Amino acid sequence: MSQPNPYTAPQYYSEADLQPDFSLTPINIVVTSWEKLRVWFNLILLFPGIGILIYAANRLHLTEMDLIRGAVSCALVGNFLYFFGPLLEFYICAVGKRNPSKKVRHYLFIGGIAVAFTMFAFCVVYANKVFIPRDLG
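Val 30, Trp 34, Leu 37, Phe 41, Leu 45, Tyr 82, Phe 109, Ile 113, Ala 116 and Phe 120 form the largest nonpolar core, which has 10 residues in total. Those elements that place two or more of their residues in this core are α2 (25–59) and α5 (102–131). Looking at which element gives the most residues to this core, the answer is α2, with 5 residues. Residue contacts for Leu 45: discarding those within four places in its chain leaves Ile 113, Ala 116, Phe 117 and Phe 120.

Shown next as structure tokens:
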């Protein structure tokens, strides 16, 4: 006998009741933390990059325009690849726990620096093998 009256007015909900129950705080933490680390990333890689450019200028006899193109392209590629750090942290947060971890972020950052140094070393070795003529006799 306690059936609802079909002629009653429908209940109205406020906008706050209709919002999903999650916050963007973890996303904000990840993005702002990685953007602060970007400055350190660029500063750490600046000196090896300058060293490679000086090496290339002296050893490979490249023109100034080639050096500028190489520096700009390396900077653009390096900052593009930098996005893999926050992306991996987003996936780790989504799969594991909801809140980002500083420990995971620092491991990813150090790993990214190691990959960048490896790429620098590969570029130097590759440039030596390809561009420097060797005496055959």
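Running from amino to carboxyl end, α2 crosses helix α4 (residues 84–95) at an angle of 155°, the nearest separation of the two axes being 10 Å. One finds that α2 runs roughly antiparallel with respect to α4. Here α2 and α4 pass one another in a crossing that is right-handed. Across the interface between the two elements, Ile 27, Val 30, Val 31 and Trp 34 from α2 touch Gly 85, Pro 86, Glu 89 and Phe 90 from α4. When grouped by side-chain class, the residues that make up the contact of α2 with α4 number 6 nonpolar, 1 polar and 1 charged.

Another aspect to go through is the environment of Leu 45. Along the polypeptide, Leu 45 turns up in helix α2. A relative accessible area of 13% means that Leu 45 is categorised as buried.

Cut-off values and rules
Within each chain, residue numbers correspond to sequence positions counted from 1 in written order. Side-chain atom pairs in this predicted model are given and counted only at pLDDT of 80 or more, local residue features only at pLDDT of at least 70, and totals for whole chains, interfaces and linings cover all residues. Side-chain calculation: all heavy atoms of the structure are included, whereas hydrogens and water are not. As used here, the term nonpolar core means buried Ala, Val, Leu, Ile, Met, Phe, Trp, Tyr and Cys residues forming a set that is joined through side-chain atoms within 4.5 Å. Buried, partly exposed and exposed residues are distinguished by accessible area as a fraction of the type maximum, computed with a 1.4 Å probe on protein chains only: under 20%, between the cut-offs, and over 50%, respectively. The way it works is that DSSP assigns letters per residue, a run of H or I at least four long becomes a helix, a run of E at least two long becomes a strand, and they are numbered from the N terminus. We call two residues contacting when some pair of their heavy atoms lies within 4.5 Å. Working convention: axes come from line fits to C-alpha atoms, limited for helices to the stretch in contact. Angles between N-to-C directions cover 0 to 180 degrees. Angles are sorted into four bins: roughly parallel if under 35 degrees, roughly antiparallel if over 145, roughly perpendicular if 65 to 115, and oblique for all others. Handedness of each helix crossing follows the sense of rotation of the near helix against the far helix: counterclockwise by less than a right angle gives left-handed, clockwise gives right-handed. Residues are sorted three ways: Asp, Glu, Lys and Arg are charged, Ala, Val, Leu, Ile, Met, Phe, Trp, Tyr, Cys and Pro are nonpolar, and all the rest, Gly among them, are polar.

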